[in-house]
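# Remarks on the overall topology
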Amino acid sequence: MARFSGANHYRFQILWCCLFCILLLCFITNHSLLTNDDRRVRRRKGWEQRLRSSAHPRSSSGAAVLVTGAAGFIGSHVAVALKNRGDGVVGLDNFNRYYDTRLKRARQAKLESAGVFIVDGDINDREILKKLFNLIKFSHVMHLAAQAGVRHAMKDPSSFIDSNISGFVSLLEVVCKYAKPLPAIIWASSSSVYGLNSKVPFSETDRTDQPANLYAATKKAGEEIAHTYNHIYGLSITGLRFFTVYGPWGRPDMAYFFFTKNILEGKPIEIYEGGTGGVIARDFTYIDDIVKGCLAALDTAEKSVGGKRRRAAQLRVYNLGNTSPVEVGRLVSLLERLLKVKARRVEMAMPKNGDLIYTRANISLAEKELGYKPTTDLKSGLDKFVKWYLRYYNQSTVN
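Residues numbered from 1 in each chain as written. Predicted model: local features only at pLDDT ≥ 70, side-chain atom pairs only at ≥ 80, totals over all residues. Heavy atoms only, no water.

What follows is about the overall build of the chain. For the chain, the count of helices and strands is 12 helices and 13 strands. Residue burial in the chain is summarised as follows: out of 399 residues, 49% are buried. Accessible surface for the chain amounts to roughly 20000 Å². Of this, 55% is attributable to carbon and sulfur atoms. (Helix = DSSP H or I, 4+ residues; strand = E, 2+ residues; numbered from the N terminus. Buried < 20%, exposed > 50% of the residue type's maximum accessible area, 1.4 Å probe, protein only. Areas by Shrake-Rupley, 256 points an atom, 1.4 Å probe, with all protein chains shown as cover.)

Here's what the structure looks like:
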């Protein structure tokens, strides 16, 4: 009997040890989970606090603006300009790999130093969009997120559909169904919509039903989508047709940018000729002039009226250009002088990639209704770009 009791006692000790270990493990696991939950709550609260702080204007009359594509070329400049004048600004960008993301992150750092918080997210992610509009009562959306690049459209066409069409619809859907009050929308169309139109300068009333490339087709589709949401949901929408924007912090896929890189590296510069031997010319527009046009469009945008309306909602489209086309050969000559390096020019026929031969903007409507007036000529604008490029990439010119 004593031996039996001793055995039972031993078994009870083992049982209690096992139970103690199980309870201890449960405690540690639950404590760890609670700690992780607490961390997530703190991170969420910190994220929301940064969001609200960034969106808060300096005065009651200031706007609260969501800028999509805020780490992009135009988006970063517009976001900083809005913040500097006292508006509340929140950025949204997915930091895709179309070109070097280090440049985008450098723009992000520049924006954060100006007090602009950029949310890392995609315009096709409706949950992120819902959260933004639930947290912030945006008065305006400056929709500048897009997949750009005429030539890239031949390599990755689906990215243009995803961003420029699906992304635009995703944004408008969330705005119409979750934003209270409805914000006014200002968005980036493109001069590419004029396509095969042979009448120059291009005017807003010219035909835009002959796109020359997929990028142009997606931007034209965007204009029709904008009309639909304006008509059904009473959204105030303004489209801006940009003409060949250039300047500091620009896109590496643009000619002026990679021409500069190739000239400094001693690589050849391909200069295309038109199909009949004509020259290629672009209406180069400096970034500061484009920013002024964007802000003027925002400042003159009427409030959205909603679906149950007594009047039609505002629907506008404007050309934002410089009105002075410059031949590509002239562009290279200006870069040679600024860089003090002779370019290795290679002239060739223009490939069939959908690029336009000649662009020139008629900006009379923007002048009249927005007070838009570009002031920077190509030489002055390239001088500012080259100085930025040499400083950013830590290079020096050859004397």
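On we go.
Right, let's talk about the sheet that holds strand 4 (residues 140-143) for a bit. With parallel pairing, the 7 strands of this open sheet are ordered in space as 3-2-1-4-5-6-11. The open sheet is flanked by strand 3 (117-120) and strand 11 (315-320), the only strands paired with a single partner. Ignoring strand direction, the axes of neighbouring strands in this sheet form an average angle of 20 degrees. The pairing of strand 4 with strand 5 (residues 184-188) spans 4 bridges and is parallel. Following the sheet pairing, H140 is matched in strand 5 by A184. (Pairing = 2+ DSSP bridges. Axes fitted to C-alpha atoms, helices over the stretch in contact; angles between N-to-C directions.)

So, about the layout of surface pockets. If you roll a probe as big as a water molecule over the atoms, it shows you where there is empty space left. In this structure, the second largest pocket encloses a volume near 230 Å³. Forming the walls of the second largest pocket are 14 residues, and the residues nearest its centre are S139, H140, P181, L182 and K303. For the lining of the second largest pocket, the per-class residue count stands at 7 nonpolar, 3 polar and 4 charged. (1 Å grid on protein atoms, 1.4 Å probe; cavity = no way out; pocket = protein on both sides within 12 Å on 5 of 7 lines; lining within 4 Å. Points joined across faces, edges and corners; volume = space filled by probe spheres on them. Nonpolar A, V, L, I, M, F, W, Y, C, P; charged D, E, K, R; others polar.)

Under the counting rule described, the total for this entry stands at 27 aromatic pairs. Consider the rings of Y194 and F202, whose centres lie 4.7 Å apart with planes at 20 degrees: the pair is stacked. By relative accessible area, Y194 is classed as buried at 1%. An aromatic cluster of three or more residues is present, and its members are Y246, W249, Y256, F257, F284, Y286, F385, W388, Y389, Y392 and Y393. For K104, the ring lying beneath its charged end belongs to Y99, and the centroid distance is 4.6 Å. Directly above the aromatic system of F95 lies the positively charged group of R105, at a separation of 3.6 Å from the ring centroid. (Phe/Tyr/Trp six-rings, centres within 6.5 Å; stacked < 30°, edge-to-face > 60°. Lys NZ or Arg CZ within 6 Å of the ring centre and 35° of its normal.)

With that settled, the discussion passes to the nonpolar core. The tendency in soluble globular proteins is for nonpolar side chains to be buried side by side. Of all hydrophobic cores here, the largest spans 77 residues; its most connected members are V67, I74, V78, M142, F242 and Y256. A per-element tally of this core places helix 9 (residues 287-299) first, with 8 residues. Each residue touching Y256, except ones within four places of it in the same chain, is listed here: F73, V245, Y246, G247, G250, R251, L331, L335, L382 and F385. If you look at the next biggest cluster of nonpolar residues, it comprises 30 residues, including A55, L132, I225 and A226. (Core = buried A, V, L, I, M, F, W, Y, C linked by side-chain atoms within 4.5 Å. Contact = heavy atoms within 4.5 Å.)

Further remarks concern the environment of I280. As for its position among the elements, I280 is in the loop between strand 8 (268-273) and strand 9 (281-282). Spatially, the C-alpha atom of I280 lies 8.4 Å from that of V326, the residues being 46 residues apart in sequence.

Nonpolar side chains collect at one region of the surface, where V200, I357 and Y358 lie side by side and expose about 230 Å² of accessible area between them. Overall, I357 belongs to the partly exposed group, its relative accessible area being 35%. (Patch = residues over 30% accessible without salt bridge, like charges linked within 9 Å, V, L, I, M, F, W, Y side chains within 5 Å. Salt bridge = Lys/Arg side-chain N within 4 Å of Asp/Glu carboxyl O.)

Next up on the list: the pattern of salt bridges. Using the criterion set out here, one finds 17 salt bridges in the structure. For the salt bridge of D100 with R102, the shortest nitrogen-to-oxygen distance reads 3.0 Å. Of the charged contacts in the structure, one is a salt bridge between E265 and K261, with a shortest N-O distance of 3.2 Å. Of this pair, E265 and K261 both sit in helix 8 (residues 255-265), 4 residues apart, which is roughly one turn of the helix. Taken together, the salt bridges that share partners define one network made up of R85, D87 and D299.

Two numbers describe a pair of packed helices, the interaxial angle and the distance between the axes. In the contact formed by helix 2 (residues 73-84) and helix 3 (residues 101-113), the axes pass within 10 Å of each other and the chain directions differ by 5 degrees. What the angle tells us is that helix 2 and helix 3 run roughly parallel. For the pair helix 2 and helix 3, contact is made by F73, S76, A79 and V80 and by R107, K110 and L111, respectively. Split by residue class, the contact of helix 2 with helix 3 holds 4 nonpolar, 1 polar and 2 charged. (Parallel < 35°, antiparallel > 145°, perpendicular 65-115°, else oblique.)

All right, on to empty space enclosed by the protein then. Counted according to the given criterion, the structure contains 1 cavity of 30 Å³ or more. Lining the largest cavity, in full, are H143, A145, S163, N164, F168, W187 and K219. Looking at the lining of the largest cavity, its residues break down into 3 nonpolar, 3 polar and 1 charged.

Further remarks concern helix 7 (residues 214-233). Given a rise of 1.5 Å per residue, 20 residues ought to cover 28 Å, and the 28 Å separating the end C-alpha atoms of helix 7 matches this to within 8%. Turning to helix 7, the residues buried within the fold contact helix 5 (152-155), helix 6 (157-178), strand 5, strand 6 (237-242) and strand 11. At the N-terminal end of helix 7, a side-chain oxygen is found 3.2 Å from the backbone nitrogen of Y215, two or three residues along, and the residue is N213. The positive-phi residue at the C-terminal boundary of helix 7 is G234, with phi of around 70 degrees. (Expected span 1.5 Å × (residues − 1). Polar contact = N/O pair within 3.5 Å; in protein donor to acceptor, adjacent residues only side chain to side chain.)

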